[in-house]
Amino acid sequence: MATMRKRLTIAMLTTAIGLSLVGCGAAESSPKAADSKSPSSTTNATSSNKPVKLRIMWWGSQPRHDATLKMLELYTKNNPNITFEPEYSGFDGYIDKLTTQAAAKNAPDIIQMDAAWLADWNARGQLADISSINEKDVDPKLVEAGKYKDKQTAVPLGGNAWGLIYDKGSLDKLGIKLPAEGITWDAFFSLAKDIKSKLDKDHYVIGDFARNRDMYTSYQLSKGKGYPVTPDGKFNFDKDTWLEWMKMAEDFRNAGIIPPADVSVSDVDLDPKQDLMLTGKIIFKAAHAAQASSWDSLKPGSIGVYAMPKDKQGGSWLKATFFFSVSQDSQHKEEAKKFIDWFINNPEAGEISGTTRGVPVSSKILAQLQPKFSSADKLTIDMINMATQGAQQFNPGAKGWNNFDTKDYKTITESIMFGKMKIEQGFDELKKKSAEYEK
């Protein structure tokens, strides 16, 4: 790591789980473009010896940061003319910082993107065409998720699923074993009440699901009522279902099954001092499979994974973890594309990355790594396998609705949690807000 830190200009402030994002410019170059989708090799990934510094930005936990830095170091070792300026952090604030950079035409060359952001970024023309990257060993469904108007603007980095993680040690102490075949919402809520009866006053069963937009989506989907916002951008929150969900959260809050509002809003995923599951305050938390190994690294051997509860149908979905894209304003598009190609296809890169970005997206890399997976890595595989049966078709989000999902929904539901707004009024506010987004 010392070699890497000498070679890289790291623009950030150190924190427990990541670093603050910083932006700066990059010099221009014009290397020869790649003509075909040939597999990556360990060396000679670039066709020019002109020095190039690539800015690369991602979010994640410390294990992902460490693995990525090692991969960058290996790439520079094999391609001495290519160096990197990494910018990395936790998830909170990431997209706000990135959006500001892009608006100033100062986005990093290589950007880790979430599926929910692609529609808006593509509509604004901010992502380059990276179709020349070799994706022949990637599941076509995942490849398709990164396309816009028949052009590849995002390359998936791993397989993922939505479900639950839990403190296995706590459940074992309570003598509780989850059904192997999954659980219904009614049975899960009943179980939560039973668990609470065995816990101390200041310990809770699950984080406050009132403000968890994805968790409500699971609930409505499992009821057979579709996505709360349709892929074409229509408000589809089922009123009775949402009121039922929020009333359940209110009852659980009053019964101490979920924490008080002020405790819930202090919860920060994967922060050793603020994550309520890591500090032993709650047992269950909604999460993606790709994050399971990160929680396990902070609480070794204590993490269990489970499918999201079901009703008429499953409440989980399968998706790409996230993507790498190249900024349309990058002056180093060819070098950036060659690095991404190497990142997903190179065996040495795969060894370093492991499951820090989910199940490796290349079938060849997955086959190579699977016999060597640690128990933490297998958590990711286990959650994906549990979610696969009855998994829903993933909806990456409608164009223009990102602020509704990430800000408006959170503001309204937190107002309800703190008693500043009635549940019925909250639904009316959601519907009113949606009019600003519907086309």
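Anyway, here's the lowdown on the structure attached to this text. (Residues numbered from 1 in each chain as written. Predicted model: local features only at pLDDT ≥ 70, side-chain atom pairs only at ≥ 80, totals over all residues. Heavy atoms only, no water.)

Overview of helix 4 (residues 115-123)
Then comes step 1: Listing the buried residues of helix 4 in full gives Ala115, Trp117, Leu118, Asp120, Trp121 and Asn122.
Then comes step 2: Put simply, Asp114 is the residue that caps the front of helix 4, since its side-chain oxygen is 2.9 Å from the backbone nitrogen of Ala116.
Then comes step 3: A positive backbone phi angle near 70° is found at Gly125, which sits one or two residues after helix 4. (Buried < 20%, exposed > 50% of the residue type's maximum accessible area, 1.4 Å probe, protein only. Helix = DSSP H or I, 4+ residues; strand = E, 2+ residues; numbered from the N terminus. Polar contact = N/O pair within 3.5 Å; in protein donor to acceptor, adjacent residues only side chain to side chain.)

Concerning the environment of Tyr148
Then comes step 1: Relative to the helices and strands, Tyr148 resides in strand 4 (residues 147-148).
Then comes step 2: Excluding residues that lie within four positions of it along the chain, Tyr148 makes contacts with Asn122, Ala123 and Thr153. (Contact = heavy atoms within 4.5 Å.)

Considerations on the packing of aromatic side chains
Then comes step 1: In the structure shown here, the tally under the stated rule is 38 aromatic pairs.
Then comes step 2: Between Phe324 and Phe343 the ring centres are 5.0 Å apart and the planes differ by 70°, which places this aromatic pair in the edge-to-face class. Note that Phe324 is positioned in strand 11 (residues 323-326) and Phe343 in helix 12 (residues 333-345), a separation of 19 residues in sequence.
Then comes step 3: Overall, Phe324 belongs to the buried group, its relative accessible area being 0%.
Then comes step 4: The interplanar angle of 70° and the centroid separation of 5.7 Å between the aromatic rings of Phe404 and Tyr437 together place this pair among those described as edge-to-face. Remark: Tyr437 occurs in the segment after helix 17 (423-434) and Phe404 occurs in helix 16 (residues 402-417); sequence separation between them is 33 residues. Per residue, the accessibility class of Phe404 equals that of Tyr437, and both read buried.
Then comes step 5: Taking NZ or CZ as reference, Arg213 lies 5.9 Å from the ring centre of Tyr409, over its face. (Phe/Tyr/Trp six-rings, centres within 6.5 Å; stacked < 30°, edge-to-face > 60°. Lys NZ or Arg CZ within 6 Å of the ring centre and 35° of its normal.)

Details of helix 7 (residues 185-196)
Then comes step 1: Taking 1.5 Å of rise per residue, the 12 residues of helix 7 would be expected to cover 16 Å, and the 17 Å separating its terminal C-alpha atoms lies within 8% of that figure.
Then comes step 2: Of all the residues in helix 7, the buried ones are Trp185, Phe188, Phe189, Leu191, Ala192, Ile195 and Lys196. All buried residues of helix 7 fall inside an arc of 160° around its axis, so they share one side.
Then comes step 3: Elements that come into contact with the buried residues of helix 7 comprise strand 7 (158-167), helix 6 (168-174), helix 8 (213-222), helix 9 (239-255) and strand 8 (284-288). (Expected span 1.5 Å × (residues − 1). Arc of directions from axis to C-beta.)

Focus: the nonpolar core
Then comes step 1: Ranked by size, the top nonpolar core spans 52 residues in total, and within it Phe209, Met215, Phe237, Trp242, Trp245 and Phe284 carry the most contacts.
Then comes step 2: At the level of elements, strand 7, helix 7, helix 8, helix 9, strand 8, helix 16 and helix 17 are the ones that each hand at least two residues to this core.
Then comes step 3: Discounting residues that sit within four places of it in the chain, Phe237 has contacts with Arg213, Tyr216, Gln220, Pro228, Val229, Trp242, Phe404, Tyr409, Phe427 and Leu430.
Then comes step 4: Core analysis: the second largest hydrophobic core is formed by 49 residues, Trp59, Leu142, Leu157 and Phe324 among them. (Core = buried A, V, L, I, M, F, W, Y, C linked by side-chain atoms within 4.5 Å.)

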